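Spelled out from the first residue to the last, the chains are:
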Amino acid sequence: MSNKTLIIGAGGVASVAAHKCAQNSEIFPEFMIASRTLAKCDAIKADIEKRMGKNLKSVITTAKVDADSIDELVALINSYKPSIVMHLALPYQDLTIMQACIKTGVAYLDTANYEPLDTAKFEYKEQWALDGQFKKAGITGILGSGFDPGVTGVWTAYALKHHFNEIHYIDILDCNGGDHGYPFATNFNPEINIREVAANGRYWENGKWIETKPMEIHRQRHFEEVGEKDMYLLYHEELESLVKHIPHLKRIRFFMTFGQSYLMHLKCLENVGMTSIEPINFNGVDIVPIQFLAKVLPDPSTLGPRTKGKTHIGIVFRGLGKDNKPKKYYLYNICDHEVCYKEVGSQAISYTTGVPAMIGASMYLKGLWNKAGVYNVEQFDPDPFMEMLNKWGLPWHEDFDPELVD
Ligand code: NDP
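None of the values given here were measured: they were computed from a predicted structure.

(A) Quick peek at the packing of aromatic side chains. Going through the model one piece at a time under the given rule, you end up with 17 aromatic pairs. Ring geometry for Trp209 and Tyr235: centres 5.7 Å apart, planes at 85°, overall edge-to-face. On the criterion of sequence distance, the pair formed by Trp209 in strand β9 (residues 208-212) and Tyr235 in the loop between β11 (227-233) and α9 (238-245) is long-range, its members being 26 residues apart. Judged by its relative accessible area of 7%, Tyr235 falls in the buried class. Here the aromatic residues Phe164, Phe317, Tyr329 and Phe400 are joined through ring pairs into a cluster of three or more. Geometry around Tyr80 places Lys4 over its ring, the cationic atom sitting 4.6 Å from the centre. The positively charged end of Arg202 is found above the aromatic ring belonging to Tyr235, 4.0 Å away from the centroid.

Have a look at this one:
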């Protein structure tokens, strides 16, 4: 196995992952950053060189690739010969990159499940369907190694391994207490973000999915180091895999906090049709309103220097403890936007995704998570990943008497 890694994408998440790979040169002695816009890859490389100076031990190269093209991907993989591809571009490219990995016999990792460009839906079906081909090729596919999904799946596996005989209730709480000073901006790719929050909510209870209107279910909660926040029930992709992989589950929900200004702008944009993914003809050119909107909004990668405050992401678990008595347990991480920016030049949303991507690839390269097939992170041993979270900038905390979500 070569010890080279290929990172695809050069946005906020890829940039953090690349910085973290460079800091962890023992596992990542050589890596390439390849994306649609070569200049962005070169800028990340230059920033790493500037920050790390003589401490930089990894050999970093860059390349241009269109990840929508399996042929281009195969040619790049065959010429660079990495042992793993970290796909940190967009969910639209999941299947082409997975196909290229099958053709070249190289491991695959991503942070978001597949979404077709022309339908606002995301699910694991197409990626799980490649399990047989990954097994046949003898390669590992690690799905969803960001924060949510990613750390949330690892935490669930950890809670089950060390604290519960049965987990019955899971509430994933994603709070961003950061303030970038703009009336409206998204913290990661605007198109993906708006598609996610404008969709109907959904949660799983007693064996079936229950659909809600967007933002219909609302709770208030106090988040340590952030304060009182309004949070709303959303559908989120790890619900699908955790329902499949965690036995005895009775209910699983996902809540995300939003400020009133964000919600008011989103409603207005929706009302005027700007969040639509249906192409419209404008002066003879077909444009997709949400893609145009993404272009006029602030680029998430520019929010870093302006963002103050913290993220607080946690999971409340309830079930039967190792002694078979009722138990509740809260695992959480708090991350400071300004501290992240100082370290790697990105705000906490990219940081909390890029660090677990680097850790997931390390799990593979260390030979700890390398069975053939396509897996979600909760299907692997969580312990070495948990250890690396503490070491690489995302320490986790525990509360054995947390407030429950009604
Ligand atoms: P950005 O929009 O900042 O970056 C996306 C990058 O992908 C850009 O560099 C873009 O290129 C590149 N790209 C897009 N299309 C192609 C293509 N066809 N070929 C090659 N490169 C392409 O996104 P983020 O960094 O914020 O997010 C990256 C991924 O992480 C997304 O899939 C997102 O859903 C996921 N994510 C996951 C989270 C989690 O917790 N699991 C949280 C946040 C994000 P160009 O520069 O030319 O536009």
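(B) Structural view of the nonpolar core. Formed by 90 residues in total, the largest nonpolar core has its most connected members in Phe31, Met86, Trp155, Phe258, Phe317 and Leu389. Sorting elements by how many residues they give to this core places helix α13 (residues 348-365) first, with 10 residues. The contact partners of Phe258, leaving out residues within four places of it in the chain, are Val197, Met215, Asp230, Tyr232, Leu234 and Leu263. Counting 27 residues, the second-largest nonpolar core is a separate cluster that includes Leu73, Leu76, Ile97 and Phe134.

(C) Local environment of the side chain of Glu115. Residue position: Glu115 is located in the loop between β5 (107-110) and α5 (125-128). Residue classification places Glu115 among the buried positions, given a relative accessible area of 5%. Every residue in contact with Glu115, bar those within four places of it in the chain, is listed here: Pro91, Tyr92, Lys121, Phe122, Ile192 and Arg195.

(D) Summary view of unusual backbone geometry. Along the chain, Asp148 connects to Pro149 via a cis peptide bond; the corresponding omega equals 10°. Here Pro149 lies in the loop between β6 (140-143) and α7 (151-162). In this model, Asn283 sits at a positive phi of 50°, which is unusual for a non-glycine residue. With respect to the helices, strands and loops of the structure, Asn283 is situated in the loop between β13 (280-282) and β14 (285-287). Its identity as a non-glycine residue notwithstanding, Asn324 has a phi of 65°, on the positive side. Its place among the elements puts Asn324 in the loop between β15 (310-321) and β16 (326-336).

(E) Here's a closer look at the packing of α13 against helix α14 (residues 383-391). Two elements in contact, α13 and α14, have axes whose closest approach is 10 Å; the angle formed by their N-to-C orientations is 140°. The angle between α13 and α14 places the two elements in the oblique class. Of the two elements, α13 crosses α14, and the hand of that crossing is right-handed. Where α13 approaches α14, its residues Pro356, Met358, Ile359, Gly360, Ser362 and Met363 are matched on the opposing element by Pro384, Phe385, Met388 and Leu389. When its residues are assigned to classes, the contact of α13 with α14 shows 8 nonpolar, 2 polar and no charged.

Calculation notes
- Residues numbered from 1 in each chain as written.
- Predicted model: local features only at pLDDT ≥ 70, side-chain atom pairs only at ≥ 80, totals over all residues.
- Heavy atoms only, no water.
- Phe/Tyr/Trp six-rings, centres within 6.5 Å; stacked < 30°, edge-to-face > 60°.
- Helix = DSSP H or I, 4+ residues; strand = E, 2+ residues; numbered from the N terminus.
- Buried < 20%, exposed > 50% of the residue type's maximum accessible area, 1.4 Å probe, protein only.
- Lys NZ or Arg CZ within 6 Å of the ring centre and 35° of its normal.
- Core = buried A, V, L, I, M, F, W, Y, C linked by side-chain atoms within 4.5 Å.
- Contact = heavy atoms within 4.5 Å.
- Axes fitted to C-alpha atoms, helices over the stretch in contact; angles between N-to-C directions.
- Parallel < 35°, antiparallel > 145°, perpendicular 65-115°, else oblique.
- Left-handed = near helix turned anticlockwise from the far one by under 90°.
- Nonpolar A, V, L, I, M, F, W, Y, C, P; charged D, E, K, R; others polar.

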